[in-house]
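Architecture and fold: a report
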Amino acid sequence: MTQTLHAVPAGDAIDATALKADVLKHLTFTIGRAPEDAALGDWRMALSFAVRDRITESWLASERAAREAGAKRVYYLSLEFLIGRLLEDALVNLGLAEAAEVALRDLGLALGEVVADEPDAALGNGGLGRLAACFMESLATIGCPAIGYGIRYEHGLFRQQFEHGRQVELPELWLEQQHPWEFERPGSRLRVGFGGHVHQVEGRTIWHPAEEVEAEAFDTPIVGWEGQWANPLRLWSARAVYPFDLNRFNHGDFRGAAEPEALARTISRVLYPDDTTDEGKALRLKQEYFFVAASLADILCRFERDFDDLALLPEKVAIQLNDTHPAVAGPELVRLLHDERGVEFSRAVEIARGCLSYTNHTLLPEALESWSEGLFGHLLPRHLEIIERIDAEHYGAHPDRPGSIFEHGEIQMGTLSFVMAHKVNGVSALHTELMKETVFEGLHQVHPDRIVNQTNGVTPRRWLKSCNAALSDLITETIGAGWVRDLSQLERLEPHLGDGAFINRYAAAKRANKAVFSNWLAGDYGLKVDPDAMFDAQIKRIHEYKRQHLNILQTIAAWQAIHDDPQADWTPRLKIFGGKAAPGYHFAKDIIRLINDVAARLNADPVTSKYLQVIFLPNYNVSLAERIIPASDLSEQISTAGKEASGTGNMKFALNGALTIGTLDGANVEIREQVGPENFFLFGMTAAEVTARRAVPDHARRAIEGSAPLARALGALRDGTFSPDEPGRYHGIADNIAGGDHFLVASDFAAYHAAQTDVSRAYGDRETWARMAARNTARSGWFSSDRTIRGYMGEIWGAAPLID
Ligand SMILES: [N-]=[N+]=N[C@]1([C@H](N)O)O[C@H](CO)[C@@H](O)[C@H](O)[C@H]1O
C-alpha cells in the first residue's frame, strides 16, 4: 500500500472514528486482547473483522436481492483462486482506506504495516487462478449474482526460497493463523463418493460408492467497488464422514484411529503446483470430482429451493468451467438429473449443456488433461458409463464427422468439456482463432457457433487504484474518479498527453514508485539501485515457452557489449525477475539458477554494475506483483508466438505505464492494437512463422551462425563464466538452445537483441518515454475484467446485473 498522507475529508473522519471503535471492539471481544498486549497480527485481525462486518451487510443484502428477483446466477467453478491479500482490497472497495489510516494512526499503528502482515491466499498457480479472482471482484462490482466454487487448500502454492541460487520449495502456511475473511458453514456439509460399483435396480441405475468423504463449505464474501454488492466465494474442505475411529483408539491403534480424518483431508490438503501441465495423478482427479460434486449438489439444492421445474435450470443457472479441471461437471450434472431425478438421458444432457460453458486457457499439448479409462472408471464408474453414452450420442448424431471423447484409452477432458458446453471460449483473439485451427478444429467444424472469444482482463481496483496510489490520484485529479468503475474513461487522458505539465506529473508518479521500490530493495535485499535506471521486469511462472532463458541470454550479451566499450553512453538498467518453477520441472529450475548466478556475477562487476544489475526476487506472488508493477518501466512479454494464450501480467503493466517489449502472442496483439504500434516494442516471429521456422532443419545452428552476440553469450554458458566451480552447469541450457530449441530462443534472439537496443535508445528521451507510457495507461481501458465479465454475461451466461 503506497499511501500518501493528506488532509482527511470529513466523511473519512466519521468513518475513522466508527472504524476505530469497531477495531477496539473486535480486539477485545473477538480476539480477546487488551490494546497494550496486542501484537501487529491481533490488530490486523481486529481491523479485518471490523471491515468484514461492513462487507457482510452488503453480502446478505445482495443475497436477498438476488433471491427476490429470482435472478439467474453465475457459478464459476475453478480449482484455483489466486486471491492474494484481502484487507487492502476490501478497504479500497469500501472507500475506507483513508479512514483506516487515520483510525490506526490514532492507535499508534501504520496501515501499511498492518496490511503487509496478512498472508497471501495463494490458492492458485498463475494467470488462470488470478483471472478467477479478478472475475469474482468484477462480478461483485457489476452486481451480477454469482458464486465462485473451489477448494480450500490447507496449503496453497509452495513458498519459494533460494539456496545457492536454487529454488527450494517450502509448505505454504496461510491457515496457520485464523483466516478472518471466511465463514465456516457446518450446515452446508455434503457427502461425496468415490469408487464402488453401479447396479441396475428396477430399470434405475444406482451408484454405490466404496468410500465417502464430507465436503464442508467456507464462504468468503467478495465485495465490489463502492461496496454496493458482494458475492460469496465458497471453498470446500474435505473431512471424514466419521473422523475418529474410537474402536481402534480403544485398542491402542492411535494412528489407525486418526487415519480416516487424515485420509479424507488429503483431498483438500494442498494445491498441485503445476501451471499448464497435466498432473494426471489419482489424487488430482479426486480433487476435481470432490469440488465439482459438492458444488453441483449445492447449486441444485439452491435451485430447487425456489423452482421445481428442472427444465428451467438453464434459465436460472450458468456454470462456467475454468479450464478442464472441473470438466467432470458435465457427466455429474447428467447423473444428478437422470439417475437421481429421473430426467430422460438425452434431455438431461440437453439441460446440462444449457447450463455449462467452458474456457480453454492453453493449447500446450502437455497441459490438455486426459484420464486413463482405467483410473477414471475405478474412481468414477458411473461417470465413465455416462461419458460413453454422451460420446455415442454426440458422434452418433454427426457420423460425417468421426471423432471421440476417448483417444488412445484416455478420456480427453477438453473434448468432453466442448461437447457438454453450449459455449466454449478462448482468452484472447489470437488464442481463440488458434483453438479453431488446432485442438478444436474438428469440433469447430461440427459446431461452428460454439467457440467465442472473451479476451482476458484484470480488475482496475487491485491493479491500479489500490497498488498505485501515486498514479491513481493523478488520474482522478485529471479526469475524475469514474474510471475506477468504468475503465474506458481512461481515454479521457488522451487530450492531456500533449500537456507537458501533465506528462511531468505522470513521470513523477512513476519515479516516486521507483524510489519506494529502490528503498525496499536496498532494505530487504541490500541491493543499491538508481531509481532513474530503467526498471525492466519479467514476472510470471518459469516456463520454456515464456522464455526467461531468452531474456537472461540477451542480458549476458548486453553485459559483454558493455565490457567491450565501457565508456559508451549505456542506458542504466535493472533487470527484475520473479516466478516459481513447478517442483518437478528441472529445466525451469536450471533457468532460475542461471539467472541467480548471472545476477551474482553482474552485480559484483565493477565495470558494468553501474549500467546493468539483475535481481531475482524470491517467492513471487500477488502481493509482490503489486509492489513491482507500479515501479516498472519495461514489461517483458516475450513468449514464443502461439504459446501464451493471453497473459494478464502484460495488461497490468500497460495499465500502470510500463511499455511492452513483446511478440505477437496472446493478448500482446490486442495491447499493441489498443496502445498503438508506436508505443510497443515488437519483435520476433508470428505464430505462423514459428510453425514454418520449426520445419527448417538446424534452425538454431543457422541462427547462431547469424548472430555473433548470440554465439558469444552461449559461449559464456559453456565456459563456466557464471559457474566457475562447476563449468558444465549450464551446458544443458546451451545444448537445448543450440539443439532442438523447440521454443526458438536462438531464432528470435537477434530480433530481441535489436529491440532491446531500441528500448535503451527510447528510454534516453524521458519526455517521449513518459508520453508513450501515459498513452499505454490511457488506452488500457479495454483490459478491465469488468469488460470481460460483461462479455461473458452477454454472450455466454445470459445473466444481468442487479445494480445500476
Ligand atoms: N493454465 N493456463 N493458462 C494460463 C496461465 N498459465 O494460467 O491462463 C491464463 C489466464 O487465462 C492465460 O493468461 C495464460 O496465457 C495461460 O497460460
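Residues numbered from 1 in each chain as written. Predicted model: local features only at pLDDT ≥ 70, side-chain atom pairs only at ≥ 80, totals over all residues. Heavy atoms only, no water.

As annotated in an unreviewed UniProt entry, the protein carries the name Alpha-1,4 glucan phosphorylase and is attributed to Poseidonocella sedimentorum. Listed in UniProt under the heading Cofactor (unreviewed entry), the comment for the protein reads: "pyridoxal 5'-phosphate". The UniProt entry for the protein carries the following text under Sequence similarities (unreviewed entry): "Belongs to the glycogen phosphorylase family." (UniProt positions renumbered as here; feature names shortened; annotations may be inferred.)

Helix α29 (residues 731-738) packs onto helix α28 (residues 708-718) with a crossing angle of 150° between their chain directions and a minimal axis gap of 8 Å. Taken as axis vectors, α28 and α29 run roughly antiparallel relative to one another. When the axes of α28 and α29 are compared, the crossing they make is left-handed. For the pair α28 and α29, the contacting residues are Leu714, Leu717 and Arg718 in the first and His731, Ile733, Ala734, Asp735, Ile737 and Ala738 in the second. (Axes fitted to C-alpha atoms, helices over the stretch in contact; angles between N-to-C directions. Helix = DSSP H or I, 4+ residues; strand = E, 2+ residues; numbered from the N terminus. Parallel < 35°, antiparallel > 145°, perpendicular 65-115°, else oblique. Left-handed = near helix turned anticlockwise from the far one by under 90°. Contact = heavy atoms within 4.5 Å.)

For helix α6 (residues 127-142), which comprises 16 residues, the first-to-last C-alpha distance of 22 Å matches the rise-based estimate of 22 Å (1.5 Å per residue) to within 8%. Here α6 lies mainly inside the structure; 15 of its 16 residues are buried. (Expected span 1.5 Å × (residues − 1). Buried < 20%, exposed > 50% of the residue type's maximum accessible area, 1.4 Å probe, protein only.)

Our next topic: the domain arrangement of the protein. Size of an interface, as often reported, equals the accessible area lost when the parts are brought together. By domain assignment, the protein separates into domain 1 (1-68 + 85-109), domain 2 (70-84 + 120-456 + 788-797) and domain 3 (460-783). The gap between the C-alpha centroids of domain 2 and domain 3 is 34 Å. Domain 2 puts 42 residues into the contact, and the matching count from domain 3 is 43 residues. When the two sides are added together, the surface that domain 2 and domain 3 hide from each other amounts to roughly 3400 Å², 54% of it contributed by carbon and sulfur. It is Gln160, Phe162 and Trp225 that lose the most area in domain 2 upon contact with domain 3, and together they represent 18% of the buried surface on that side. Here domain 2 is connected to domain 3 by three salt bridges. Its salt-bridge partner being Lys589, residue Glu169 comes within 2.7 Å of it at the nearest N-O pair. Counting across the interface, domain 2 meets domain 3 through 20 residue pairs in polar contact (both at pLDDT 80 or more). Mapped by element, the contributors of at least two residues to the side of domain 2 that touches domain 3 are β2 (81-84), α6, β5 (159-163), β6 (166-170) and α16 (429-437). (Domains from an automatic or database assignment. Buried area = accessible area lost by both parts, 1.4 Å probe. Salt bridge = Lys/Arg side-chain N within 4 Å of Asp/Glu carboxyl O. Polar contact = N/O pair within 3.5 Å; in protein donor to acceptor, adjacent residues only side chain to side chain.)

With phi around 70°, Asp323 is a residue other than glycine that occupies positive phi space. In this structure, Asp741 takes a positive phi of about 45° despite not being glycine. Tracing the backbone shows Asp741 in the loop between α29 and α30 (745-764).

Moving on to the confidence of the model for the protein. Looking at the protein, the pLDDT average stands at 96 and 98% of residues meet or exceed 70. With pLDDT under 50 throughout, residues 1-7 is counted as low confidence; its partners more than four residues away or in other chains account for 11 contacts. For this predicted complex, the interface score ipTM comes out at 0.99, alongside a pTM of 0.97. (pLDDT = per-residue confidence, 0-100.)

Moving on: the environment of Thr415. Secondary-structure assignment places Thr415 in helix α15 (residues 413-419). Considered as a pair, Thr415 and Asn656 are 241 residues apart in the sequence and their alpha carbons are 38 Å apart. Among all residues touching Thr415, those that are not within four sequence positions of it are Tyr395, Ser404, Ile405, Phe440 and Leu443.

A separate point is the pairing of strand β11 (residues 230-240). Taken across its 11 residues, β11 has 10 buried, putting it largely inside the fold. The pairing of strand β10 (residues 211-223) with β11 spans 11 bridges and is classified as antiparallel. Looking at the pairing, Thr220 lines up with Leu233 of β11. Between β10 and β11, which pair antiparallel one after the other, the connecting turn spans six residues, and Glu226 there sits at a positive phi close to 70°. (Pairing = 2+ DSSP bridges.)

In this section: the site of the ligand. Near the ligand lie 12 residues; those nearest to it are Leu128, His361, Asn456, Glu644 and Gly647. His361 places a side-chain nitrogen or oxygen 2.6 Å from an oxygen atom of the ligand. Between the ligand and the protein, one listed contact pairs an oxygen atom with a side-chain N or O atom of Asn456 at 2.8 Å. The fraction of the free accessible surface of the ligand (380 Å²) that becomes covered by protein chains is 96%. Residue composition of the shell around the ligand, grouped by class: four nonpolar, six polar and two charged. Here the shell around the ligand spans two domains, and each of domain 2 (70-84 + 120-456 + 788-797) and domain 3 (460-783) adds at least three residues to it. (Near = heavy atom within 4 Å. Areas by Shrake-Rupley, 256 points an atom, 1.4 Å probe, with all protein chains shown as cover. Nonpolar A, V, L, I, M, F, W, Y, C, P; charged D, E, K, R; others polar.)

Looking now at the pattern of salt bridges. Across all of its chains, the model carries 59 salt bridges by this definition. In this structure, Glu216 and Arg239 form a salt bridge, with 3.6 Å as the shortest nitrogen-oxygen distance. Of this pair, Glu216 sits in strand β10 while Arg239 is found in strand β11, placing the two residues 23 residues apart along the sequence. Relative accessible area serves as the criterion here: at 3%, Glu216 is assigned to the buried category. Close ionic contact of Asp536 with Lys575 constitutes a salt bridge, the shortest N to O distance being 2.8 Å. In this pair, Asp536 is assigned in strand β19 (residues 534-539) and Lys575 in strand β20 (residues 573-578), connecting sequence segments 39 residues apart. A single burial state applies to Asp536 and to Lys575, both of which are buried. Taken together, the shared-partner salt bridges in this structure form one network comprising Arg189, Arg191, Glu212, Glu214, Glu216 and Arg239.

Below, the discussion takes up the sheet that holds strand β15 (residues 406-407). Within the open sheet, the three strands sit side by side as β14-β16-β15. Their pairing is antiparallel. Two strands bound the open sheet, and with one partner strand each, they are β14 (370-372) and β15. Pairing geometry for β14 and strand β16 (residues 410-412), over three bridges, is antiparallel. Note that in β16 the partner of Trp371 across the bridge is Ile411.

So, on to the sheet that holds strand β1 (residues 73-77). In spatial order, the strands read β7-β10-β11-β4-β1-β12-β13-β17-β18; together these nine strands make up an open sheet with mixed pairing. Each edge of the open sheet is held by one strand with a lone partner, namely β7 (183-194) and β18 (451-453). When the angles between neighbouring strand axes are averaged without regard to direction, this sheet yields 25°. In this structure, strand β17 (residues 423-426) lies alongside β18, joined through three bridges in parallel fashion. The residue bridging Val424 from the neighbouring strand is Ile451, located in β18. Across the face of the sheet, helix α12 (residues 345-355) comes into contact with β12 (317-322) and β13 (356-359) while running at roughly 50° to β13.

It is worth spelling out the UniProt feature "modified residue: N6-(pyridoxal phosphate)lysine" (unreviewed entry) in the protein at this point. Under the feature "modified residue: N6-(pyridoxal phosphate)lysine" (unreviewed entry), the UniProt entry names Lys652. In this structure Lys652 comes out as buried when scored by relative accessible area, which is 7%. Not counting residues up to four positions away in its chain, the partners in contact with Lys652 are Arg130, Val458, Trp463 and Ile629.

The next point concerns the state of the cysteines. In the structure shown here, the tally under the stated rule is zero disulfides. Residue Cys144 stays outside any disulfide, its sulfur separated by 15 Å from that of Cys355, the closest cysteine. (Disulfide = S-S within 2.5 Å.)

Moving on, we come to a nonpolar patch on the surface. A surface patch of nonpolar side chains, amounting to about 420 Å² of accessible area, comprises Phe244, Leu246, Phe249 and Phe254. The residue Phe244 is located in the loop between β11 and α7 (246-250) in this model. (Patch = residues over 30% accessible without salt bridge, like charges linked within 9 Å, V, L, I, M, F, W, Y side chains within 5 Å.)

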